[in-house]
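Coordinates in review
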Amino acid sequence: QVQLVESGGGLVQPGESLTLSCAATESISSIYVMGWYRQAPGKERELVASIRNDGFLNYADSIKGRFTISGDIAKNTVFLEMNSLKPEDTAVYYCNFKSWRRGLNNDYWGQGTQVTVSS
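Given the structure is predicted, the values throughout are model-derived calculations rather than measurements.

**A few points about the overall build of the protein chain**
The secondary structure content of the protein chain amounts to zero helices and eleven strands. Taken from the N to the C terminus, the helices and strands of the protein chain come in the order β-β-β-β-β-β-β-β-β-β-β. By its C-alpha atoms, the protein chain is 50 × 30 × 25 Å across when sized along the principal axes. Of the contacts formed within the protein chain by residues at least 6 apart in sequence, a portion of 54% connects residues at least 24 apart.

**A short note on the sheet that holds strand β7 (residues 67-72)**
Strand order in the open sheet made by the four strands is β1-β3-β8-β7, with antiparallel pairing throughout. This sheet does not close on itself; its edge strands, each paired only once, are β1 (4-7) and β7. Each strand axis lies, on average, 15° off the axis of its neighbour in the sheet, ignoring direction. By the bridge criterion, six bridges tie β7 to strand β8 (residues 77-82) in an arrangement that is antiparallel. Residue S70 lies in a different strand from β8, and its bridge partner there is F79.

**So, the side chain of K98**
Turning to its location among the elements, K98 is positioned in strand β9 (residues 91-101). At a separation of 3.4 Å, a polar atom in the side chain of K98 contacts the side chain of N96. Side-chain polar atoms of K98 contact the side chain of D107, separated by 2.8 Å. Setting aside chain neighbours within four positions, we find K98 in contact with S30, I31, Y32, V33, Y37, N106 and D107.

**A word on the nonpolar core**
Formed by 29 residues in total, the largest nonpolar core has its most connected members in W36, L80, M82, Y93 and F97. Mapped by element, the contributors of at least two residues to this core are β3 (18-24), β4 (31-39), β5 (46-52), β7, β8, β9 and β11 (113-117).

**Re the environment of L85**
Position of L85 relative to the elements: it lies in the loop between β8 and β9. For the pair L85 and G15, spaced 70 residues apart in sequence, the C-alpha to C-alpha distance is 4.9 Å. The contacts of L85, once residues within four sequence positions are left out, are V12, P14, G15, E16, S17, L18, R66, F67 and V117.

How each quantity is defined
- Residues numbered from 1 in each chain as written.
- Predicted model: local features only at pLDDT ≥ 70, side-chain atom pairs only at ≥ 80, totals over all residues.
- Heavy atoms only, no water.
- Helix = DSSP H or I, 4+ residues; strand = E, 2+ residues; numbered from the N terminus.
- Contact = heavy atoms within 4.5 Å.
- Pairing = 2+ DSSP bridges.
- Axes fitted to C-alpha atoms, helices over the stretch in contact; angles between N-to-C directions.
- Polar contact = N/O pair within 3.5 Å; in protein donor to acceptor, adjacent residues only side chain to side chain.
- Core = buried A, V, L, I, M, F, W, Y, C linked by side-chain atoms within 4.5 Å.
- Buried < 20%, exposed > 50% of the residue type's maximum accessible area, 1.4 Å probe, protein only.

What follows is the structure, given as structure tokens:
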């Protein structure tokens, strides 16, 4: 069964950087968007950034200018470079692939990786 494997989370101090990585264990076809979500304790899961198959990049206002999403849809890989991290960035980060094939819209989710920003 296809899984998304995430890595790169950890504990850092404010102002430091982390890069998250995500890759599928098996090839996924017809992906139209890859993205990163995060969920902090007591809060709803929110979209952090996404990259669409037409090249459109979307960033949440809270991280715009600090985070950069990159990846390759064909290779089923996506990265999130996080710079100038703030305590409010603390959350579990999930990668997500969305695909449309044979009339079905499928969501693939990573297991989540903890990012903690604290002094």
